[in-house]
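# Close look at the chain arrangement
Each chain is listed here by its residues.
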Amino acid sequence: MGKAILTIDDIPQKVTKPIIDYLEEKHIPVVMFVVGENAVKDMETLVYAIKHGVILGNHSYSHPFFSRISMEECIEEITKTEKIIEEAYAMAGVERPAKLFRFPYIDKGAEKKNELQKYLKKSGYQRIDDSGVEALPYHEAGWDRDYDITCSYDCQEYNIPQKLSTMEDIMKRLEEGDTGNGSNALYDTGTNIILLHSHDDTDNMVKDYYKQILGRMLDAGVEFIAPTIIEPEF
């Protein structure tokens, strides 16, 4: 049975605390990626997350497509949220355990990708050890050599509010995978870096959606493991 490293994007929102409480109850470690403009309105939730063992990562300030903004704007998106995360760890009185970044929409900047990767390297961003990831599209895309954090399995539950998917579709993909989007079946061997989201609109459509998705994984025997943070060697 497979192993999973859970990552959750777009915190904080109202549903974030209930998600944290559920993960703590089920002993599931997690990295949560912070959107700065959400965080400035709710620093208390970031502190709550830190005090409950969540590792915070940077997910930009306003969640733009990085391919559609200038390099200067990209850097500003990153640095503004860095300051917020540093402030949250200071408020919590906890030493920051990792410096991680994920691009919104997994949009790595298109023609700016190499420049952005050099910026992330220079700025000291770290990686999650993905040596156990077997999903071929993940490696074919070169994500195993990038300085940002991507995923090998995208739950795609964010499509529910747009009525592009149903919860039944989400559950079916857990069984079958989605190789066209870089995802193997979760119940295969190897490790997956899971992408889920903290979205109030999804919770409004399907109450406790995260419990349904993660509960199905647990029932199937998926082992959630803490991420190992590594310094890139390339």
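Whatever comes next refers back to the structure up there.
The structure reproduced in this document is the subject of the present report. (Residues numbered from 1 in each chain as written. Predicted model: local features only at pLDDT ≥ 70, side-chain atom pairs only at ≥ 80, totals over all residues. Heavy atoms only, no water.)

### Some words on the packing of helix H1 (residues 16-25) against helix H9 (residues 209-219)
Running from N to C, H1 and H9 cross one another at 20°; their axes reach a closest spacing of 10 Å. Classified by the angle between their axes, H1 and H9 sit roughly parallel to one another. Handedness of the crossing formed by H1 with H9: right-handed. Across the interface between the two elements, Pro18, Ile19, Tyr22 and Leu23 of H1 pack against Tyr209, Tyr210, Lys211, Leu214, Gly215 and Leu218 of H9. (Axes fitted to C-alpha atoms, helices over the stretch in contact; angles between N-to-C directions. Helix = DSSP H or I, 4+ residues; strand = E, 2+ residues; numbered from the N terminus. Parallel < 35°, antiparallel > 145°, perpendicular 65-115°, else oblique. Left-handed = near helix turned anticlockwise from the far one by under 90°. Contact = heavy atoms within 4.5 Å.)

### Notes on the environment of Met71
Locating Met71 in the fold gives a position in helix H4 (residues 71-92). The buried category is assigned to Met71, whose relative accessible area is 10%. In sequence terms Met71 and Glu115 are 44 residues apart; their C-alpha atoms lie 8.3 Å from each other. Other than its neighbours up to four places away in sequence, Met71 contacts Lys112, Glu115, Leu116 and Tyr119. (Buried < 20%, exposed > 50% of the residue type's maximum accessible area, 1.4 Å probe, protein only.)

### Things to note about the pattern of salt bridges
A complete count under the given rule lists 11 salt bridges for this structure. Between Glu86 and Arg96 there is a salt bridge, with the nearest N and O atoms lying 3.0 Å from each other. In this pair, Glu86 is assigned in helix H4 and Arg96 in the loop between H4 and helix H5 (113-122), connecting sequence segments 10 residues apart. Its relative accessible area of 16% is what places Arg96 among the buried residues. The partner of Lys211 in a salt bridge is Asp208, with the nearest N and O atoms 3.8 Å apart. Each of the salt bridges in this network shares a partner with another, and the network as a whole consists of Lys108, Lys113, Asp146 and Asp148. (Salt bridge = Lys/Arg side-chain N within 4 Å of Asp/Glu carboxyl O.)

### A closer look at the state of the cysteines
Per the counting criterion, the structure on display carries zero disulfides. Left unpaired, Cys151 is separated from the closest cysteine sulfur, that of Cys155, by 8.8 Å. The class for Cys151 is buried, based on a relative accessible area of 7%. (Disulfide = S-S within 2.5 Å.)

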